[in-house]
Amino acid sequence: MAVPVYLGLVHYPIYNKHGEVITTAVTNFDVHDIARTSRTYGIKRYYIIHPLESQVNLVKEIMGYWQAGYGGEYNPDRREAFRILDILPDITAAAETIRSQEGQYPLIVTTDARKFTNTVSYGSMRQRIEQGNRPCLLLFGTGWGMEKTVMEKFDYILEPIYGPSDYNHLPVRAAVAIILDRLLGEKWWE
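Residues numbered from 1 in each chain as written. Predicted model: local features only at pLDDT ≥ 70, side-chain atom pairs only at ≥ 80, totals over all residues. Heavy atoms only, no water.

S.K.: Sorry if this is basic, but what is going on with the packing of aromatic side chains here?
M.R.: Two aromatic rings, taken as a pair, are described by how far apart their centres are and by the angle between their planes. In this structure the tally under the stated criterion is four aromatic pairs. Here the aromatic rings of Tyr 65 and Trp 66 are separated by 5.0 Å at their centres, their planes lie at 90°, and the arrangement is edge-to-face. Assessed through its relative accessible area of 39%, Tyr 65 is described here as partly exposed. For Trp 66, a relative accessible area of 14% translates into the label buried. Positioned over the ring face of Trp 66 is Arg 78, at 4.7 Å from the centre of the ring. (Phe/Tyr/Trp six-rings, centres within 6.5 Å; stacked < 30°, edge-to-face > 60°. Buried < 20%, exposed > 50% of the residue type's maximum accessible area, 1.4 Å probe, protein only. Lys NZ or Arg CZ within 6 Å of the ring centre and 35° of its normal.)

S.K.: Sorry if this is basic, but what is going on with the nonpolar core here?
M.R.: Side chains of a nonpolar character, in soluble globular proteins, are inclined to be buried together. Tyr 46, Phe 82, Met 125 and Leu 158 are the most contacted members of the largest nonpolar core, which has 39 residues in total. Of all the elements, helix α8 (residues 172-184) adds the most residues to this core, at six residues. Leave out the neighbours within four places in its chain, and Phe 82 touches Val 31, His 32, Ala 35, Ile 62, Met 63, Trp 66 and Gln 67. Core analysis: the next-biggest nonpolar cluster, separate from the first, contains 19 residues, Val 10, Ile 49, Leu 88 and Met 151 among them. (Core = buried A, V, L, I, M, F, W, Y, C linked by side-chain atoms within 4.5 Å. Helix = DSSP H or I, 4+ residues; strand = E, 2+ residues; numbered from the N terminus. Contact = heavy atoms within 4.5 Å.)

S.K.: For this particular structure, what's the right way to read the pattern of salt bridges?
M.R.: Close approach of charged atoms allows side chains of opposite charge to pair. Applying the stated criterion across every chain, the model contains twelve salt bridges. The partner of Asp 33 in a salt bridge is Arg 36, with the nearest N and O atoms 3.5 Å apart. Taken as a pair, Asp 33 and Arg 36 lie in helix α1 (residues 28-40) at a separation of three residues, close to a single helical turn. Among the salt bridges present, the one from Lys 148 reaches Glu 152, with a minimum N-O distance of 3.9 Å. In this structure Lys 148 comes out as partly exposed when scored by relative accessible area, which is 48%. Note on Glu 152: relative accessible area 49%, which makes it partly exposed. One salt-bridge network, held together by shared partners, links Asp 30, Asp 33, Arg 36 and Arg 173. (Salt bridge = Lys/Arg side-chain N within 4 Å of Asp/Glu carboxyl O.)

In structure tokens:
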């Protein structure tokens, strides 16, 4: 049986295109689309990880509309997807929340367009999820990726997603969908 998988969308500490560490803004599409994708692939909880109260309030307003407001009545599928959505201030809070719910600290895995010494293949990580014994927190960075010293603390970094061209700048929503399908989707090749 597969271990529980959690997903976090990290907004700090993130690089901007100039290599400066910033806090990125929440986007409405990331809230909606990643919640729907996460629910489709059986993610136990999707965390928006953001330290700023103004952005947390924005996410709460969006959630309220789709969970308790007219949006939830109009589109019950969206309300269902939002049931797994939560907001936390940082990665440590996400890991500690999972530890308290699952009884053990999660394996922390992230993604990047670069390779690191602890980079693993999708096949290897899929096997860890299917046969492992620790819950998994799968993190996705916004902007131009998470700050290097934070990345170095994670257990594993998934190999980059490559297309057939020399252009490599996927939107995070697309990367989430591709990676969740590779790790949790049907085994179409069998």
